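Inside the fold
One letter stands for each residue in the lines below.
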Amino acid sequence: QVQLVESGGGLVQAGGSLRLSCATSGHTASSYSVGWFRQTPGKERDFVAGIGWNYTYYSDSVKGRFTISRDNAKNTVYLQMNSLKPEDTAVYYCAVRRGPVHTGAVLYEFWGQGTQVTVSS
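Read on for a plain summary of the structure. (Residues numbered from 1 in each chain as written. Predicted model: local features only at pLDDT ≥ 70, side-chain atom pairs only at ≥ 80, totals over all residues. Heavy atoms only, no water.)

**Concerning the overall build of the protein**
Note the threshold: Segments assigned H or I by DSSP are reported as helices when at least four residues long, segments assigned E as strands when at least two residues long, and all are numbered from the N terminus. Both definitions apply: the radius of gyration is a C-alpha atom measure, and the globule rule equals 2.2 Å times residues to the power 0.38. The criterion used for residue contact is that any of the two residues' heavy atoms lie within 4.5 Å. Accessible surface area values rest on a Shrake-Rupley calculation with a 1.4 Å probe, where residue burial reflects the displayed protein chains alone. Neither His nor the chain termini are counted; the positive set is Lys and Arg, and the negative set is Asp and Glu. Taken as the charge centre is NZ of Lys, CZ of Arg, CG of Asp or CD of Glu, depending on the residue.
From N to C terminus, the protein includes 0 helices and 11 strands. Helices and strands in the protein line up, N terminus first, as β-β-β-β-β-β-β-β-β-β-β. For 121 residues, the compact-globule formula gives about 14 Å, and the C-alpha radius of gyration of the protein, at 13 Å, lands near that figure. Taken along the three principal axes of its C-alpha coordinates, the protein extends 40 × 30 × 25 Å. In the protein, the proportion of contacts linking residues at least 24 apart, taken out of those at least 6 apart, comes to 59%. In the form shown here, the protein has an accessible surface area of approximately 6200 Å², with 49% of it arising from carbon and sulfur atoms. Separation between the mean location of the 11 positive side-chain charges and that of the 8 negative ones in the protein comes to 4 Å.

Here you go:
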């Protein structure tokens, strides 16, 4: 069974940076894709970035500011967030699915518990 644990959230000022981690286990790296999503109260869970076997994909709102990467030796996926804005404030989740990256949260099978990111003005 796939397990995921997010960490690295916190409070930062606008323009600052955070690096989120998603420790994964119980899956095959070559056959699973990992996505980062975020959610605020009253809104849907939105796609942020995803990483497949040989590619990455980003939402337009974070492109150029966020970078998704992975360390296969540590079974960990990272989300480096730079130039943070107040509108980036949300609970960030990592999720795993079999097959390629998809932007729809409903298509991901396994989810972490989430980590809070708060960006102040």
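After that view of the structure, there is still more to cover.
**A few points about the side chain of Asp 88**
For clarity, the threshold we go by: Whether a residue is buried, partly exposed or exposed follows from its accessible area with a 1.4 Å probe, protein chains only, as a fraction of its type maximum: under 20%, in between, or over 50%, in that order.
Among the structural elements, Asp 88 can be located in the loop between strand 8 (76-81) and strand 9 (90-98). Judged by relative accessible area, Asp 88 falls into the buried class, the value being 1%.

**As for the pattern of salt bridges**
Operational definition: We count a salt bridge whenever a side-chain nitrogen from Lys or Arg sits within 4 Å of a carboxyl oxygen from Asp or Glu.
All chains considered together, the criterion is met by 4 salt bridges. Lys 63 is the partner of Asp 60 in a salt bridge, and the nearest nitrogen-oxygen pair spans 3.2 Å. You can call Asp 60 exposed: its relative accessible area is 68%. A single network of salt bridges, built from pairs that share partners, joins Arg 38, Arg 65 and Asp 88.

**A closer look at the environment of Val 106**
Mapped onto the fold, Val 106 is located in the loop between strand 9 and strand 10 (110-111). Under the relative-accessibility criterion, Val 106 is labelled exposed at 76%.

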